[in-house]
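# Inside the fold
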There are 4 protein chains.
Amino acid sequence: MPEPTKPQPTGATGKPGSSAAKPPPRRRQARGERRIAQLLDAAANVFCATGYTAASTNAIAREAGVSPGTLYQFFPNKEAIAVELGDRLMDRWRESHGLTAANLHLPLDQLLDAVLDPLIAFNEENPAFAVLMHGPDTPGRIAQEFANLHMGLLSRIEEALASYLPDTPPAELTRIATMTFSIFKAGLDQILSHQGTERQAYAAELKKVMFRYLEPIVCEAELPTGTP
Amino acid sequence: MPEPTKPQPTGATGKPGSSAAKPPPRRRQARGERRIAQLLDAAANVFCATGYTAASTNAIAREAGVSPGTLYQFFPNKEAIAVELGDRLMDRWRESHGLTAANLHLPLDQLLDAVLDPLIAFNEENPAFAVLMHGPDTPGRIAQEFANLHMGLLSRIEEALASYLPDTPPAELTRIATMTFSIFKAGLDQILSHQGTERQAYAAELKKVMFRYLEPIVCEAELPTGTP
Amino acid sequence: MPEPTKPQPTGATGKPGSSAAKPPPRRRQARGERRIAQLLDAAANVFCATGYTAASTNAIAREAGVSPGTLYQFFPNKEAIAVELGDRLMDRWRESHGLTAANLHLPLDQLLDAVLDPLIAFNEENPAFAVLMHGPDTPGRIAQEFANLHMGLLSRIEEALASYLPDTPPAELTRIATMTFSIFKAGLDQILSHQGTERQAYAAELKKVMFRYLEPIVCEAELPTGTP
Amino acid sequence: MPEPTKPQPTGATGKPGSSAAKPPPRRRQARGERRIAQLLDAAANVFCATGYTAASTNAIAREAGVSPGTLYQFFPNKEAIAVELGDRLMDRWRESHGLTAANLHLPLDQLLDAVLDPLIAFNEENPAFAVLMHGPDTPGRIAQEFANLHMGLLSRIEEALASYLPDTPPAELTRIATMTFSIFKAGLDQILSHQGTERQAYAAELKKVMFRYLEPIVCEAELPTGTP
DNA sequence: GATGAATGAGGATTCATTCAT
DNA sequence: TATGAATGAATCCTCATTCAT
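The next point concerns the protein's contact with DNA strand E. Near DNA strand E you find 39 residues, and of these A:Arg31, A:Arg35, A:Gln73, B:Thr57 and D:Tyr72 are the closest. Taking the atoms of DNA strand E that fall within 4 Å of the protein, sugar and phosphate contribute 64% of them. Between a phosphate oxygen of DNA strand E and a main-chain N or O atom of D:Asn58, the distance comes to 3.4 Å. Mapped by element, the contributors of at least two residues to the surface near DNA strand E are helix H1 (30-54) and helix H3 (68-74) of chain A, helix H2 (57-64) and helix H3 (68-74) of chain B, helix H1 (29-50) and helix H3 (68-74) of chain C together with helix H2 (57-64) and helix H3 (68-74) of chain D. A class-by-class count of the residues in the surface near DNA strand E yields 10 nonpolar, 20 polar and 9 charged.

Attention shifts here to the protein's contact with DNA strand F. Looking at DNA strand F, there are 38 residues lining it, with A:Tyr72, C:Thr57, D:Arg31, D:Arg35 and D:Gln73 nearest. Considering DNA strand F, the proportion of its atoms within 4 Å of the protein that are sugar or phosphate atoms stands at 67%. One of the backbone nitrogen or oxygen atoms of A:Thr57 is found 3.0 Å away from a phosphate oxygen of DNA strand F. Here a phosphate oxygen of DNA strand F and a backbone polar atom of C:Ala55 are 3.1 Å apart. Within the surface near DNA strand F, the residues separate by chemical class into 9 nonpolar, 19 polar and 10 charged.

Moving on, we get to the interface of chain D and chain C. Facing the 38 residues of chain D at the interface are 38 residues of chain C. At the boundary of chain D with chain C, total buried surface from both sides reaches about 3,000 Å², with 61% on carbon and sulfur atoms. At the boundary of chain D with chain C, the tally comes to 2 salt bridges. Across the pair C:Arg175 and D:Glu198 runs a salt bridge, and its minimum N-O distance is 3.1 Å. The tally of links between chain D and chain C comes to 13 residue pairs in polar contact (both at pLDDT 80 or more). No other element matches the 11 residues that helix H9 (residues 196-222) of chain D contributes to the side of chain D that touches chain C. Residues belonging to the side of chain D that touches chain C are distributed by class as follows: 19 nonpolar, 12 polar and 7 charged.

With that settled, consider the relation of the copies chain A and chain B. With an RMSD of 0.3 Å, chain A superimposes on chain B once it is rotated by 179° and translated 0.0 Å along the axis. Both chain copies can therefore be described as sitting about a two-fold axis. It is A:Asp137 whose C-alpha, among those of chain A, lies nearest the rotation axis, at 2.5 Å. Here 97% of the interface residues in chain A have copies in chain B that are interface residues too; the copies meet face to matching face.

Once that is clear, we can look at the environment of C:Cys48. For C:Cys48, the position within the fold is in helix H1. Considered as a pair, C:Cys48 and C:Leu104 are 56 residues apart in the sequence and their alpha carbons are 32 Å apart. Not counting chain neighbours up to four residues away, the residues in contact with C:Cys48 comprise C:Pro127, C:Ala128, C:Val131, D:Pro139 and D:Arg141.

Rotating chain D by 179° about the axis while translating it 0.0 Å along that axis superimposes it on chain C, leaving an RMSD of 0.3 Å. Mapped onto chain C, 100% of the interface residues of chain D are again interface residues, and the two copies thus contact each other with one and the same surface.

The next point concerns the nonpolar core. With 132 residues, the main nonpolar core has A:Phe47 and B:Phe47 as its most contacted residues. In terms of residues, this core owes the most to one element, H1(A), which gives 10 residues. Residues contacting B:Phe47, with those up to four places away along its chain left out, are A:Pro139, B:Tyr52, B:Ala55, B:Ile60, B:Ile81, B:Ala82, B:Leu85, B:Val131 and B:Leu132. In this structure, C:Leu39, C:Val46, D:Phe47 and D:Cys48 belong to the second largest nonpolar core, which totals 130 residues.

All names here are of chain B. Where helix H4 (residues 78-97) contacts helix H7 (residues 144-164), the axes come no closer than 7 Å and their chain directions differ by 20°. The angle between H4 and H7 falls in the class roughly parallel. The chirality of how H4 crosses H7 is left-handed. In contact with Glu79, Ala82, Val83, Gly86, Asp87, Met90 and Arg94 of H4, H7 contributes Gln144, Glu145, Phe146, Asn148, Leu149, Gly152, Leu153 and Arg156. Here the contact of H4 with H7 is built from residues that sort into 6 nonpolar, 4 polar and 5 charged.

Turning our attention to helix H5 (residues 108-125) of chain A. In this model, H5(A) (18 residues) spans 25 Å end to end at C-alpha, consistent with the 26 Å of a helix rising 1.5 Å per residue. Of the positions making up H5(A), those classed as buried are A:Leu108, A:Leu111, A:Leu112, A:Val115, A:Leu116, A:Pro118, A:Leu119, A:Ile120, A:Phe122 and A:Asn123.

To continue, consider the interface of chain A and chain B. Opposite the 38 residues of chain A that make contact, chain B presents 37 residues. Across the chain A to chain B interface the summed buried area is about 3,000 Å²; carbon plus sulfur atoms make up 60%. Between chain A and chain B we count 2 salt bridges in total. Counting every contact that joins chain A to chain B gives 13 residue pairs in polar contact (both at pLDDT 80 or more). Sorting elements by how many residues they give to the side of chain A that touches chain B places helix H9 (residues 196-222) of chain A first, with 11 residues. Its residues assigned to classes, the side of chain A that touches chain B comprises 19 nonpolar, 12 polar and 7 charged.

As a further point, take the packing of aromatic side chains. Residue and element names in this part refer to chain A. For the structure on display, the rule yields 16 aromatic pairs over all chains. A centroid spacing of 4.8 Å and a plane angle of 85° characterise the contact between Tyr52 and Phe146, whose relative ring orientation is edge-to-face. With Tyr52 in helix H1 and Phe146 in helix H7 (residues 144-164), this residue pair connects regions lying 94 residues apart in the sequence. Lying across the ring of Tyr52, Lys78 places its NZ or CZ 4.9 Å from the centre.

A few words on the domain arrangement of chain A. Residues and elements named next belong to chain A. Domain annotation of chain A identifies domain 1 (30-75) and domain 2 (87-222). Taking only C-alpha atoms into account, the centre of domain 1 sits 28 Å from that of domain 2. The interface is formed by 9 residues belonging to domain 1 together with 9 residues belonging to domain 2. Here domain 1 packs against domain 2, burying approximately 690 Å² in sum over the two surfaces, 71% of which is carbon and sulfur. Area buried by domain 1 at its contact with domain 2 is led by Phe47, Cys48 and Tyr52, which between them contribute 60% of it. The interface formed by domain 1 and domain 2 contains 1 salt bridge. Here Glu33 makes a salt bridge to Arg88, at a shortest N to O gap of 3.7 Å. Taken together, the links from domain 1 to domain 2 amount to 1 residue pair in polar contact (both at pLDDT 80 or more). Across the side of domain 1 that touches domain 2, the residue classes tally to 6 nonpolar, 2 polar and 1 charged.

Residues and elements named next belong to chain A. It is the contact of helix H6 (residues 127-134) with helix H8 (residues 170-192), at a shortest axis distance of 11 Å, that shows an interaxial angle of 140°. The angle between H6 and H8 falls in the class oblique. Of the two possible hands of crossing, H6 and H8 adopt the one that is left-handed. Between H6 and H8, the contacting residues are Ala130, Met133 and His134 on the first element and Phe181, Phe184, Lys185, Leu188, Asp189 and Leu192 on the second.

Quick look at the environment of C:Ser96 now. All names here are of chain C. Checked against the element boundaries, Ser96 lands in helix H4 (residues 78-97). Among the residues examined, Ser96 registers a relative accessible area of 44% and is labelled partly exposed. With 45 residues separating them in the primary sequence, Ser96 and Gly51 have C-alpha atoms 26 Å apart. A polar side-chain atom of Ser96 sits 2.9 Å from the main-chain carbonyl oxygen of Arg92.

The full count for this structure, using the stated rule, is 32 salt bridges over all chains. Note that A:Asp117 is salt-bridged to A:Lys207, the shortest N-O span being 2.7 Å. Note that A:Asp117 is positioned in helix H5 and A:Lys207 in helix H9, a separation of 90 residues in sequence. You can call A:Lys207 buried: its relative accessible area is 19%. Across the pair D:Lys207 and D:Asp113 runs a salt bridge, and its minimum N-O distance is 3.0 Å. Of this pair, D:Lys207 sits in helix H9 while D:Asp113 sits in helix H5 (residues 108-125), placing them 94 residues apart in sequence. Judged by its relative accessible area of 35%, D:Asp113 is partly exposed. Overlapping salt bridges, with partners in common, bring together A:Glu33, A:Glu84 and A:Arg88 in one network.

Reading the values: the criteria
Residues numbered from 1 in each chain as written. Chains lettered and ligands numbered in written order. Predicted model: local features only at pLDDT ≥ 70, side-chain atom pairs only at ≥ 80, totals over all residues. Heavy atoms only, no water. Near = heavy atom within 4 Å. Polar contact = N/O pair within 3.5 Å; in protein donor to acceptor, adjacent residues only side chain to side chain. Helix = DSSP H or I, 4+ residues; strand = E, 2+ residues; numbered from the N terminus. Nonpolar A, V, L, I, M, F, W, Y, C, P; charged D, E, K, R; others polar. Contact = heavy atoms within 4.5 Å. Buried area = accessible area lost by both parts, 1.4 Å probe. Salt bridge = Lys/Arg side-chain N within 4 Å of Asp/Glu carboxyl O. Least-squares fit on C-alpha atoms with pLDDT ≥ 70 in both. Core = buried A, V, L, I, M, F, W, Y, C linked by side-chain atoms within 4.5 Å. Buried < 20%, exposed > 50% of the residue type's maximum accessible area, 1.4 Å probe, protein only. Axes fitted to C-alpha atoms, helices over the stretch in contact; angles between N-to-C directions. Parallel < 35°, antiparallel > 145°, perpendicular 65-115°, else oblique. Left-handed = near helix turned anticlockwise from the far one by under 90°. Expected span 1.5 Å × (residues − 1). Phe/Tyr/Trp six-rings, centres within 6.5 Å; stacked < 30°, edge-to-face > 60°. Lys NZ or Arg CZ within 6 Å of the ring centre and 35° of its normal. Domains from an automatic or database assignment.

Set out below in structure tokens:
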């Protein structure tokens, strides 16, 4: 039917987290949906191979076995590809193993196991996730296109921490969360750049780092009554 | 392996002073040396502004106020600029505050203060150092051109650790050093991306992370006699 | 030669009503006719907004709220859209206010009023008409796709002039008509690019130009007997 | 010090008309200056052949026999090429036959001859001038990049008219000038799109149009006192 | 008839690098 | 040395058009 359907720029389906009132995600044929998946897979590969900055849209299209024009039918630009890929990975992560409320009552070491093991596994299966978490090599600033992903993860950490540290001032909470996230990313990189037992050893090491960092913080908060 | 090897970096004017038989540095290189410094300064700025991958040699030349041709008179390619800049920063670091033998007998907390404070200060003054430590956003692999810098720092950490942990197997030592370095880089990024008191708070936080991570390792090693 | 020939413009649905034997217009073309109108309206908008050369068929389809494929179901290419739009505008113009035979006996000033006022009004309502009269910015040559429109208008002017100047050689007649048309287009552009009273002032000015240009020509022809 | 030398974007040397304090026009080698001329010649050809909108920078480079990169060493974009070409043609025009003060005291018919003949000749030799005067086929607005050229010519006409019509209100003056310019462009197009005697005939015709349009305006102004 | 997918050549522009002066 | 010119492949992206559903 003539029904105009609102051009709806392209690609990105919607921010994660804003669950209500998703705008009808643009009528698309099944083939198109497949193409998008294909392109995002290709993008993941290329991002992993060359990093975000050096990745080229043509390379992504080539990797996906389509022409450059096709890519641009679904994504307005390189940035949008990264955003959409990040969103989808984030969704996938949340759906499969998200930080469940149950975990939040575990003791720290078990919490770390409960969170990190699947998260590491997820990153092993989706190495592009790590690439996107880092963003372009532009230092300092978090590039606009990665802000979603970054904030998404960061705020989840912050929430989790908040439940352990209800009395900590927000600024400090943010700092601890930021540091934790930062450390995690650093450790994850090491894990992913090793293989086999060494990889496991690094995973164990990361847990040590995080446990030792967070334990005093958490304990101190948990026992405000007795210990001097 | 870890042994840094200083790989005679650029193709340009072999650095005087590095090898045993110093040929009297020729006069006509004085200007050249100035040019090089100029170019490296410019490169540092551009790398900081845009990251390594996105930095263009033309932009570096422009920033240095010279023509592209001039740049290539001193460096065979973009990579060499990064390498040389990294080497020089590394030298500068070593010369000014390098991990002196004296420090190695300090207790851990003091050691961290002694090492991290000047290192952070150095990075504040030379933000390109952090950019180069990270290398391009290509994940996992350490790009060839940044291997020197990376290994240089890493092996110094490893040496230091070795003096605290003489009985630890080398593989583990490497792993701890790698992790430590990784954490440091991560923390440094946070420090550098904040300002004022918040920056200081992040620095303190980084020290906490590192102290808590390393303390048990070091303690355990230090007291092989008394513990049951 | 000037004779317009109405070149059976698009490849699509031969316009009913043009040839002698009217085949009863098939029902299923009703929708098609609407689509075409829709597309031509959209094309008019896009041509006005960006000019012919820079207009894209995708933009036209989008503006019409249909898919590119649909557009090509009715028009074989971009050119055909312009041609058909031009033809329709021309038809519309002819049907509503065409140079009626009656006008041809008015004195020049009244003739100009009689012709120009509605023509200007028509162009105000259909600004795409002016765009199409000019064609692409390719200078000199009249692009193939705009020849119809151009010749259509030109020959009408020429006919009108011929009735005033029966003894003028055809070459000169063509020249005067061409010049007149050219001036008209130029003036029209000015009119359309102004607003309100200024627009009216330009319209008046255009009439002055044309009147003063044509008056001596016409007068001289009208009084072949007396004047030296 | 390195003295940065101010990047000085590229290409365009400076606006015409601002004669004082020309910024030192960027050190350039002779070869470069030749290239620029070459490129502008090529651009003129391509603009004439295809019009501004459809002209491609690659086509210009090809026509000039250089690589696309070379073009961009001298011009930051297509627009700048048009601007510079326009400026140079304008300068060339002014230098050779500009409206000299002497002309301003001639009777109108002689003035028109004095101005139009060389101007037409100039346009015959530099057909790109006409293309640039028209600008892109975007209707109405005068595109930014052509404003200079347009205003340059328009204001010269306006000045000339002002000397004939000292008592006319400025708005009207502008209108008359605009109309005159518009007519001239229209006539010029016809002249240029014909050949030989026909071309001359069109030139004569244009003069008629302009003379007849302007004569009453000028006369009326010239004889406020004594008219019989 | 309608849709959205697909194409691939071509658009402007950049960039690492080399060359002539 | 130093410069600016030159390169050409590669960048992102667009567009007229065709195809499969």
